[in-house]
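What follows is the residue order along each chain.
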Amino acid sequence: MNVSIIGSGYVGTTLAACLADLGHTVTAIDIDESIVERLNAGEAPIHEPGLADLLAEHAGTRLTATTSYDAVRDTDVTFIALPTPSRDDGSIDTSLVEKGTESLGEALREKSSPHLVVVKSTVVPGTTAERVGPILEETTGKTLGDGIDVAMNPEFLREGHAVLDFLDPDKVVLGAENDEALATLRELYRPLTDGTDIPVVETGLREAEMIKYANNAFLATKISLMNELGNICKEYGVDAYEVADAIGLDERIGSQFLASGVGWGGSCFPKDVAALIAAADTAGYDAELLKAAVGVNDRQPKRLLALLDDHVDVSDKRVAVLGLAFKPGTDDIRESRAIPVIEGLLDRGADVVGYDPVATDRMRERFPDVEYADSAADALRDAHAAVVVTDWDEFAALDDEFDAMARPIVVDGRRIVERREGLTYEGLTW
Ligand SMILES: NC(=O)c1ccc[n+]([C@@H]2O[C@H](COP(=O)([O-])OP(=O)(O)OC[C@H]3O[C@@H](n4cnc5c(N)ncnc54)[C@H](O)[C@@H]3O)[C@@H](O)[C@H]2O)c1
Ligand SMILES: O=c1ccn([C@@H]2O[C@H](COP(=O)(O)OP(=O)(O)O[C@H]3O[C@H](CO)[C@@H](O)[C@H](O)[C@H]3O)[C@@H](O)[C@H]2O)c(=O)[nH]1
């Protein structure tokens with residue numbers, strides 16, 4: 001099938017590379033020329049395991065990139081993978097999706113064969129039918145169901161595992177309101193799902209939109225609940241990880257997403273939970289539990305800093321922040337818990353030195369005046385304390401490096417550092 005994808009960020013690029021790998025002919029469209037150049041050169045514009053290999057294999061053959069929307073006319077299906085950021089009140093800003101849809105519709109006006117537009121972006125229930133659909137009708141001059149159609153296909157990939165998650169998903173959700181749109185979506189995913197036991201959920205547009213929010217809200221709330229339990233564990237000298245291992249054996253609870261610590265960040269959980277709370281508010285429902293999940297999440301970095309305060313007054317002291325990315329395996333710092341931690345340390349007058357294997361450049365843009373080290377060892381040298389914010393594997397191997405600290409104190413927000421003699425070790429929930 002000939003597919004075009006608007007937006008070549010984390011989702012769009014992964015989708016482009018994976019659909020090409022599944023045998024489709026893919027055109028990636030982005031307004032950022034440097035991204036288009038990199039894609040055409042077979043290079044990954046983002047740090048994502050396995051992505052560079054797929055792009056190198058398919059660029060120039062099954063995958064091409066362009067800044068021109070005209071390319072959509074040579075395709076049968078267009079995915080919209082544009083950002084849906086938060087407004088100040090937490091609600092989603094759909095203006096980029098709407099602008100992209102307008103450009104798409106104008107380009108499709110001259111196309112005579114049928115075209116399916118699939119919303120991949122995370123959008124609140126009603127967006128595809130009530131915003132994307134009408135814009136397409138207006139700009140193409142066609143009627144939905146007659147030459148142009150819409151569908152909704154939420155994405156569940158995790159950053160750092162994007163390619164594997166796409167090629168081996170827990171489920172594929174296809175939202176459509178008519179048989180033709182559904183048949184096109186099925187056809188598109190057939191190379192992925194045929195002969196496998198991957199569940200394919202066929203549902204309506206609003207349901208598909210809501211499934212995405214429900215998925216993220218559930219996972220974020222699960223972590224916040226474990227963080228709440230972990231905070232109580234810490235007060236009673238109980239190891240929250242032992243508790244989590246045991247409760248995770250109950251199949252109704254499940255063992256995943258029970259790692260307590262400094263909380264959830266990233267480009268999705270904070271934005272999507274806020275959007276769902278705002279959407280509920282708009283509908284007249286007070287999403288109390290989701291608000292509490294956000295409250296617990298906001299508290300975890302403060303608890304980490306309070307534990308540090310118990311050990312050392314960091315004013316004018318060098319403090320190492322180990323890990324800057326919102327989680328390991330990515331250079332993404334959006335809503336990273338490192339941000340409130342660094343802010344709290346700067347408020348206390350600390351000389352912060354940050355280290356991350358891949359996310360330093362991005363954090364430097366956010367905090368240009370903070371010092372950044374090239375290795376964990378360099379960050380720890382002469383530091384009066386260290387805090388761990390991201391569970392990069394390499395932090396588990398740190399050992400002698402702690403001997404070079406002015407005072408070997410570690411407050412671990414991710415249970416990754418090994419306890420050792422001579423090290424004052426404080427876990428956030430254990
Ligand atoms: N990042 C994730 O892990 C993830 C996972 C599932 C769903 N989502 C959702 O997918 C959507 C996209 O997220 P992302 O993280 O890939 O975004 P992103 O910010 O990484 O990428 C968006 C891309 O769109 C391009 N762009 C902006 N305006 C454009 C326009 N008018 N025309 C063409 N290109 C344009 C930008 O240059 C950028 O390359 C969001 O709704 C997000 O919530 C993200
Ligand atoms: O037990 C856990 C698991 C995760 N986290 C934190 O939660 C955040 C999110 O982690 P993860 O879900 O692995 O990363 P994302 O790439 O943000 O993926 C989430 O958000 C995506 C965008 O919507 C969805 O597609 C994915 O299904 C969903 O897992 C990170 O800060 C993690 O450190 C914890 O604190 N404890």
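Note that this is a predicted model, so its numbers are computed, not measured.

Rules and cut-offs
- Residues numbered from 1 in each chain as written.
- Chains lettered and ligands numbered in written order.
- Predicted model: local features only at pLDDT ≥ 70, side-chain atom pairs only at ≥ 80, totals over all residues.
- Heavy atoms only, no water.
- Salt bridge = Lys/Arg side-chain N within 4 Å of Asp/Glu carboxyl O.
- Near = heavy atom within 4 Å.
- Polar contact = N/O pair within 3.5 Å; in protein donor to acceptor, adjacent residues only side chain to side chain.
- Areas by Shrake-Rupley, 256 points an atom, 1.4 Å probe, with all protein chains shown as cover.
- Nonpolar A, V, L, I, M, F, W, Y, C, P; charged D, E, K, R; others polar.
- Domains from an automatic or database assignment.
- Contact = heavy atoms within 4.5 Å.
- Buried area = accessible area lost by both parts, 1.4 Å probe.
- Buried < 20%, exposed > 50% of the residue type's maximum accessible area, 1.4 Å probe, protein only.
- Helix = DSSP H or I, 4+ residues; strand = E, 2+ residues; numbered from the N terminus.
- Core = buried A, V, L, I, M, F, W, Y, C linked by side-chain atoms within 4.5 Å.

## Looking at the pattern of salt bridges
On inspection of all chains with the given rule, the structure shows 27 salt bridges. Among the ionic pairs, Asp250 bridges to Arg252, the shortest N-O distance being 2.8 Å.

## A word on the site of ligand 1
Surrounding ligand 1, one finds 25 residues, the nearest of these being Val11, Asp30, Tyr69, Thr84 and Lys271. In this structure, a nitrogen atom belonging to ligand 1 sits 3.5 Å away from a main-chain N or O atom of Ile31. In the model, a nitrogen atom of ligand 1 is placed 3.0 Å from a nitrogen or oxygen of the Glu159 side chain. The protein chains hide 90% of the 840 Å² of surface that ligand 1 would expose on its own. Here the shell around ligand 1 is composed, by residue class, of eleven nonpolar, seven polar and seven charged.

## Some words on the domain arrangement of the chain
What the domain assignment lists for the chain is domain 1 (2–203) and domain 2 (298–427). On the domain 2 side, the residues contacting the seven residues of domain 1 number nine residues. Among the residues of domain 1 in contact with domain 2, Tyr10, His47 and Glu159 are the three that bury the most area, contributing 81% of the side total. Linking domain 1 to domain 2 there are one salt bridge.

## A word on helix α12 (residues 338–347)
Taken as a whole, α12 has its buried residues at Ala338, Ile339, Val341, Ile342, Gly344 and Leu345. Buried residues along α12 sit in contact with α11 (288–311), β10 (318–322), β11 (351–355), α13 (360–366) and β13 (385–388). Taken from the residues just after α12, Gly349 is the one with a positive phi, measuring 80 degrees.

## A look at the nonpolar core
The biggest cluster of nonpolar side chains holds 53 residues, and the ones touching the most others in it are Leu308, Leu322, Leu345, Met363, Val387 and Phe395. Within the residue set of this core, elements represented by two or more residues are α11, β10, α12, β11, α14 (376–380), β13 and β14 (409–412). Per element, the largest residue contribution to this core is five residues, and it comes from α12. For Phe395, the contacting residues outside a window of four places in its chain are Leu322, Gly323, Tyr355, Ala376, Val388, Thr390, Ile416 and Val417. With 40 residues, the next largest nonpolar core counts Cys18, Val36, Leu116 and Tyr189 among its residues.

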